[in-house]
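In case you want the letters, here they are:
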Amino acid sequence: MFSTTVILAAPCAGLLLLELGTVCYNLFFHPLRNVPGPKMAAATNLYKIYYDLIIRGGLLSQIEKLHKRYGPVMRIAPNTLHFSDEKAYYQIYGASSTFTKDPELYSCFAMNGSSFTMTDPETHRHRTQIINPFFSRRAIIELEGVVQDKVDKFISRLINHPKDRAINMFWAFRCASVDVITSYVLGQDFQAMDAEYFEHPFPLGIQRQVHVLWVWKYFPFILPTVMAIPERIMDLISPLLGTLAASLNVRKQVIGHIDKYLADEKALEGVDHEIIWHHLIRKEKGGVGNAVQIPTRQSLLSEALILTQAGSDTVGNTCYLATFYVLNNPQVYATLKEELRKAWPDMDANIGMDVLEKLPYLNAVLKESLRLGHGVVTPLPRVVGPGSADILGVHVPAGTVVSMGVTFLHYDERVFLHPYEFKPERWLVPDTSEMEHYLRPFSNGPRMCLGQNLAWAELYLIMGHVFRKLDLKIHNTTIDDFKEFRELFVPSFEGRPFHAFVEKASA
Ligand code: HEM
């Protein structure tokens, strides 16, 4: 008879042996064994997990330190290489790259069936062919009024905010961008800007999710389990769920729309302007009988949710940083105001994107803000394939995960002198082509940002109106509050949130 101790010890010893075997293989027999990098990282994924979870978003800054020691190619996990050279960036994310998104990262968003999380190139191409026209420059120009309406509301909300209370600009800009994107994509905004002090549960919920994203990555069963709880039970427990309840509410609302339009496509005719469902819920394409397949209900839901999230936090954050950096430098603030005043003498007159996008200093401010905001800071992981590749002279077998953080381009001091400083003037030289090549906040290649035309329209309109129509003053925030960020897919600045006092501009 075996004792209980032996029965328990045997599988544990087996697992330990298996783990030791894997570590030995990773160190001595793995095809990447000769690539430089810390031995711990080569041996086990625990290295990466430690910086992601225990240090909480600390992997990128560790990678930055390690590249100084190991050079431009580095093994950062048993099957993962990280690069720090512009040539590698354009090979991994180049227009003709065949590398695919790594499911380990993209499945943790629990948005199956969305353009953002799709890994199969064919499925992805099919989806983007359908929705790209809705985000083309022509579509944005046609729907500029939708964005403009929300910008007008934003300016008036800021002017009418209680004067004795500084505005938390972190939430203010996020509420504005949530209302723009939901209005543009779904034809109905979430009224985030109506929330008292801009504390609306939807952007609050996005922030909560950002902070637990790496938990979802390493414990991938949690989120799908929560999502799979039947609606009736969710309704019962939702008062206990805080901001998660708000996200669930949004899901319910969006599902309601989807079901309505799936049941009766003609209901779309009553919508004020073109929305995403005009593109995704169409039974016929190019004439009767030429039927196209409508995506599943889950895929429609994921697409709508990912667009509202990808389209709000990124724009909100760029406006937030841009406003802080401009106000933090009186010379920059004065120059921008002067440029806007000259181009737009009567601030009560309507002015559109066509004028704002031609202003050199506003453009310089936005590019510099995108450079220091980065967009997404996590090195975007791609799986090499279908064959092997040669990157910076290193043979990389198919199936290897490769990436390069965009911060390595944005902070390259050979291209951007004093890279950590906000200097719009650097963009006012005759030839900016090299800097443009190194400015990739929207990523690059087949998986680059699908919403960048809309993003630019929002940036021109929001920032143009804020700096022309308002006078702003920083409250209780300094540049030190923006010195460091955690890498939580997007950058999460750890300092005090930037607050400002806002008044209507005098002229
Ligand atoms: C300043 C604003 C924005 C920045 C900096 C930004 C940045 C990015 C980046 C870096 C990616 C690549 C992510 C990855 O490969 O994992 C991306 C993808 C994406 N973005 Fe944006 N984005 C912005 C605004 C928007 C807006 C307004 C929308 C809404 C329509 C949007 C929708 C998407 C989608 C759907 C993808 C996935 C594309 C794909 O995989 O094919 N983004 N964005």
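Residues numbered from 1 in each chain as written. Predicted model: local features only at pLDDT ≥ 70, side-chain atom pairs only at ≥ 80, totals over all residues. Heavy atoms only, no water.

**What to know about the state of the cysteines**
Moving on, step 1. Scanning all chains against the criterion turns up zero disulfides.
Moving on, step 2. No disulfide involves C108; its sulfur sits 18 Å from that of C449, the nearest cysteine.
Moving on, step 3. Judged by relative accessible area, C449 falls into the partly exposed class, the value being 33%. (Disulfide = S-S within 2.5 Å. Buried < 20%, exposed > 50% of the residue type's maximum accessible area, 1.4 Å probe, protein only.)

**Digging into the UniProt feature "binding site: heme" (unreviewed entry) in the protein chain**
Moving on, step 1. UniProt records the feature "binding site: heme" (unreviewed entry) for C449 in the present numbering.
Moving on, step 2. Assignment of secondary structure puts C449 in the loop between α21 (433-438) and α22 (452-469). (UniProt positions renumbered as here; feature names shortened; annotations may be inferred. Helix = DSSP H or I, 4+ residues; strand = E, 2+ residues; numbered from the N terminus.)

**Structural notes on the layout of surface pockets**
Moving on, step 1. Estimated volume of the second largest pocket: approximately 1200 Å³.
Moving on, step 2. Along the walls of the second largest pocket sit 38 residues, with E64, T407, Y411, Y420 and F485 positioned nearest its centre.
Moving on, step 3. Among the elements of the structure, α4 (59-70), α20 (407-410) and β10 (485-488) are those that each provide at least two residues to the lining of the second largest pocket.
Moving on, step 4. Per element, the largest residue contribution to the lining of the second largest pocket is six residues, and it comes from α4.
Moving on, step 5. The class makeup of the residues in the lining of the second largest pocket is 15 nonpolar, eight polar and 15 charged. (1 Å grid on protein atoms, 1.4 Å probe; cavity = no way out; pocket = protein on both sides within 12 Å on 5 of 7 lines; lining within 4 Å. Points joined across faces, edges and corners; volume = space filled by probe spheres on them. Nonpolar A, V, L, I, M, F, W, Y, C, P; charged D, E, K, R; others polar.)

**Observations concerning the sheet that holds strand β2 (residues 80-83)**
Moving on, step 1. In space, the five strands of this open sheet follow the order β1-β2-β8-β5-β3, with mixed pairing throughout. Here the strands that pair on one side only, and so sit at the sheet edges, are β1 (73-77) and β3 (100-101).
Moving on, step 2. Relative to β2, β1 is paired through four bridges, and the arrangement is antiparallel. Its bridge partner lying in β2, A77 is registered against T80. (Pairing = 2+ DSSP bridges.)

**Observations regarding the site of the ligand**
Moving on, step 1. Neighbouring the ligand are 29 residues, the closest being K101, Y106, H124, R382 and C449.
Moving on, step 2. Interatomic distance of 2.5 Å between a side-chain N/O atom of Y106 and an oxygen atom of the ligand.
Moving on, step 3. Between the ligand and the protein, one listed contact pairs an oxygen atom with a side-chain N or O atom of R382 at 2.8 Å.
Moving on, step 4. Going through the elements one at a time, α16 (297-327) and α22 are the ones with two or more residues in the shell around the ligand.
Moving on, step 5. The leading source of residues in the shell around the ligand is α16, at six residues.
Moving on, step 6. The residue inventory of the shell around the ligand, partitioned by class, reads 17 nonpolar, eight polar and four charged. (Near = heavy atom within 4 Å. Polar contact = N/O pair within 3.5 Å; in protein donor to acceptor, adjacent residues only side chain to side chain.)

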